Amino acid sequence: MNFKELSFFSNLRKIYQRLSPIQRRKALWVFLTTLINGFLDVIGIALIIPVIYLINDSPKIHSNKYLEHLFRTFDFRDDTSFLLFFITVIAIIFVVKNVISLVFNYIQEKFIYQIGKQITIRQYKQYLLKDYLHIANVNSNQLVQEVARVPMEFARNILSPTFFIATEYFVFLFVIIGVLFYDFKVVFLLAITLTPIVYLLNKATKNKINHYGHVRHSMQIRTFKEILESLHAYIDVKLSNSEEFFLNKNNKTLAQYFSVMTKLGVLQKVPVRLIETATVFGIAVLFFFVNYWLHEPGKIVSILILFATAAYRLLPSLNRILTANMQIKGSSYVFDILKTYKSGDDLEWNKKYTSVNFSESIELSNVYFKYPEKEKYALEKINLEIKKGATVGLIGESGSGKSTLGKLLLRLIQEESGEFKIDGKPMDKSNVCGWNDLVGYVQQDFYLLDASLAENIAFGFDENEIDYEKIDKVIEQVQLKEVVQGLKQGIHTPIGEFGGKLSGGQRQRIAIARALYKEAQILLFDEATSALDGETEHAIMKTLYGLKELNLTLIIIAHRITTLEHCDVIFEMEKGSVKETLTYKELFAR
């Protein structure tokens, strides 16, 4: 990305592309407030100049017909009382001006952070609309950064500075025009003073800040990734005595991150230092100009007052413009991340909810599936039928396609060819939501919220929407009643992130309870007990098989033959295909 692409007007275009039609209309009104704010600032400067002149030379009150008329109308005793009145009026005007400016600032800030909030929600929604395979291949830390942090950075470091620059541009323009009316020579002096600042700063920071911004972002992602990895693998870290390894690894990343932050911090201070130097240089030029060019030393005070008044507003304004521009450059990577962001109203759930009736069977006919960028099919020639209320087992070696078939049955992935039928009716994307209502899923790394037991069972429901009678019922069905009775707060007890306060068997029972709470008709068990000891696994499977009286259809993916003891039918998988259909006795006999 070159410097021209980072210009103010280029940024406006990119921002415009990422706003919805409604947001664009609001942005125009907010932009108008920046124009009014700039105009109010110029009025403030215009009011200060005559005050300074009059304080410096009070007899000018009587040489100006308007001021003299005001003096006589209100019958002031002397020039001092008139000046006191004049300054008081100016002070009141400033108070009103600043109150109005603050109101406009509030409108601008509210608009900016509403945009940040809306982009955050839409980024989140955009990711939730992605298919399973996309999310499975995205680094979770990167995803969180792009959903939670990047939109706020867009608001804070792109949108806010852009409005700020617009305001300061207007102030800059209005002040220059105003000074032209007083003395065009001062504009010339200001140009000599300010032009080198802009040139030198652009020359020094042309591509560095943009580069540092990208590096900062990548280092932030890496830092969070390394910390999360060490926390999630806490037991392994402790048992391998590798604390120092992870600390050193993170220390290297942090060193790079803070090195870049230091450079960015120094670069953002450069405008202030340049402006201080330019101010002294401007006074020197002014002195030389008046004494050796105009040959009118007597005018030095009046020109200096005008120069100082204009510089008082223009130099800080220039500093803000340059600093804001650096801020935008440093966060320019946000534009790349939000490149796929949809700002209009075309981002819909597209969930055509069609209920699915399941009363007979699930049938797969000649189904094929392969993962993206893979040549070999993960599933091929899959032909099987699962009767309602049946208990079905899937067994096979690792990589045989068991879990892939499970995900296809859950409709997390779609077959490339072949047919998936429910009661003889083909399944397609239009009735996936209806199918989701019928299935429950229990896996080995079952996810538990850092919330109460009740909230984990009633997954996806607000606490005030939970049916606690139903919670009590499913707790009894999955034999968790004694566990709940042993908790201080019962079903309202927080169970910790990832269910860290529970045993493996208890977590699996909660997973089953979650499926029963949603009244699932089909329960898919994906090697959920493989990490449990034999006794716990046996107890869980006993509970599971005890649910057959609810007419649940159970699909059990397992690597232990004994887990499938009560299955009505077992499909043996090999190299992505159903090798054989067996009973438990036939499988065990082999």
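This text follows the structure it describes.
None of these values were measured; they are calculated from a predicted model.

Turning to the environment of Asn456, a few remarks are in order. As for its placement among the helices and strands, Asn456 is situated in helix H16 (residues 453-457). When the C-alpha atoms of Asn456 and Ala511 are compared, they prove to be 8.6 Å apart, with 55 residues separating the residues in sequence. If we skip the residues at most four places from it in the chain, Asn456 touches Leu448, Leu449, Ala451, Ile495, Ile510 and Arg514. Among the polar contacts listed, one links the side chain of Asn456 to the backbone oxygen of Ser452, at a separation of 3.0 Å.

The subject of this paragraph is the environment of Arg216. Relative to the assigned elements, Arg216 resides in helix H9 (residues 208-232). Taking relative accessible area as the criterion, Arg216 reaches 12% and is therefore assigned buried. For Arg216 and Met261, which are 45 residues apart along the polypeptide, the C-alpha to C-alpha distance reads 7.2 Å. Apart from the residues lying within four places of it in its own chain, the contact partners of Arg216 are Glu153, Asn157, Tyr257, Val260, Met261, Leu264, Gly330, Ser331 and Tyr333.

Helical geometry note: an α-helix holds 3.6 residues per turn, so side chains three or four residues apart project in the same direction. Residues Ile471, Val474 and Ile475 constitute the buried set of helix H17 (residues 468-477). All buried residues of H17 project into a common sector of 105 degrees when viewed along the axis, lining one side. Turned more than 90 degrees away from the buried face of H17, the exposed residues are Glu469, Lys473 and Glu476. The inward-facing, buried residues of H17 abut H16, helix H18 (481-485) and helix H19 (504-517). If you check the start of H17, you find a side-chain oxygen 3.2 Å away from the backbone N of Glu469, and it comes from Asp467. Gln479 lies just past H17 and shows a positive phi near 60 degrees.

The subject of this paragraph is the sheet that holds strand E5 (residues 425-426). What the 4 strands build is an open sheet, ordered E2-E1-E4-E5; its pairing is antiparallel. Since the sheet does not close on itself, it has two edges, and those belong to strand E2 (379-387) and E5, each with one partner. Sheet analysis places strand E4 (residues 417-422) next to E5, joined by 2 bridges and oriented antiparallel. Residue pairing across strands places Ile422 opposite Lys425, the latter belonging to E5. Across the face of the sheet, helix H14 (residues 402-409) comes into contact with strand E1 (361-369), E2 and E4 while running at roughly 120 degrees to E1.

On to the packing of H17 against H19, then. Axis separation between H17 and H19 bottoms out at 9 Å; the angle between their running directions is 135 degrees. One element, H17, and the other, H19, form an angle in the oblique class. Seen from above, H17 lies across H19 with right-handed handedness. From H17, Lys470, Ile471, Val474 and Gln477 reach across to H19, where they touch Ala513, Leu516 and Tyr517. Its residues assigned to classes, the contact of H17 with H19 shows 5 nonpolar, 1 polar and 1 charged.

Another aspect to go through is the nonpolar core. Counting 43 residues, the largest nonpolar core has Ile457, Ile471, Ile510, Ile512, Phe525, Leu544 and Ile556 as the members making the most contacts within it. Those elements that place two or more of their residues in this core are H16, H17, H19, strand E7 (522-526), helix H20 (534-545), strand E8 (553-558) and helix H21 (584-589). Broken down by element, this core gets its largest block of residues, 7 residues, from H19. Beyond its immediate sequence surroundings of up to four residues, Ile471 is in contact with Ala454, Ile457, Ala458, Ile466, Ile491 and Tyr517. Ranked by size, the runner-up nonpolar core spans 33 residues in total, among them Phe420, Trp435, Val439 and Leu524.

A contiguous nonpolar patch, built from Val95, Val99, Val103, Tyr106 and Ile107 and spanning about 460 Å² of accessible area, is present on the exposed surface. If you trace the backbone, Val103 turns up in helix H5 (residues 79-128). Overall, Val103 belongs to the partly exposed group, its relative accessible area being 44%.

A few words now on the sheet that holds strand E6 (residues 439-443). Spatial ordering of the open sheet is given by E6-E7-E8-E3-E9-E10, a layout of 6 strands whose pairing is mixed. Each edge of the sheet is formed by a strand with only one pairing partner; in this case those strands are E6 and strand E10 (577-582). Each strand axis lies, on average, 20 degrees off the axis of its neighbour in the sheet, ignoring direction. Judged from the 5 bridges that link them, E7 and E8 form a sheet pairing that is parallel.

Turning our attention to the pattern of salt bridges. Evaluation of the coordinates by the stated rule reveals 7 salt bridges. Across the salt bridge formed by Glu415 and Arg411, the nearest N and O atoms sit 2.9 Å from each other. Looking at Glu415, the relative accessible area reads 16%, which means it is buried. Residue classification places Arg411 among the buried residues on the basis of a relative accessible area of 4%.

The rules we used
Residues numbered from 1 in each chain as written. Predicted model: local features only at pLDDT ≥ 70, side-chain atom pairs only at ≥ 80, totals over all residues. Heavy atoms only, no water. Helix = DSSP H or I, 4+ residues; strand = E, 2+ residues; numbered from the N terminus. Contact = heavy atoms within 4.5 Å. Polar contact = N/O pair within 3.5 Å; in protein donor to acceptor, adjacent residues only side chain to side chain. Buried < 20%, exposed > 50% of the residue type's maximum accessible area, 1.4 Å probe, protein only. Arc of directions from axis to C-beta. Pairing = 2+ DSSP bridges. Axes fitted to C-alpha atoms, helices over the stretch in contact; angles between N-to-C directions. Parallel < 35°, antiparallel > 145°, perpendicular 65-115°, else oblique. Left-handed = near helix turned anticlockwise from the far one by under 90°. Nonpolar A, V, L, I, M, F, W, Y, C, P; charged D, E, K, R; others polar. Core = buried A, V, L, I, M, F, W, Y, C linked by side-chain atoms within 4.5 Å. Patch = residues over 30% accessible without salt bridge, like charges linked within 9 Å, V, L, I, M, F, W, Y side chains within 5 Å. Areas by Shrake-Rupley, 256 points an atom, 1.4 Å probe, with all protein chains shown as cover. Salt bridge = Lys/Arg side-chain N within 4 Å of Asp/Glu carboxyl O.

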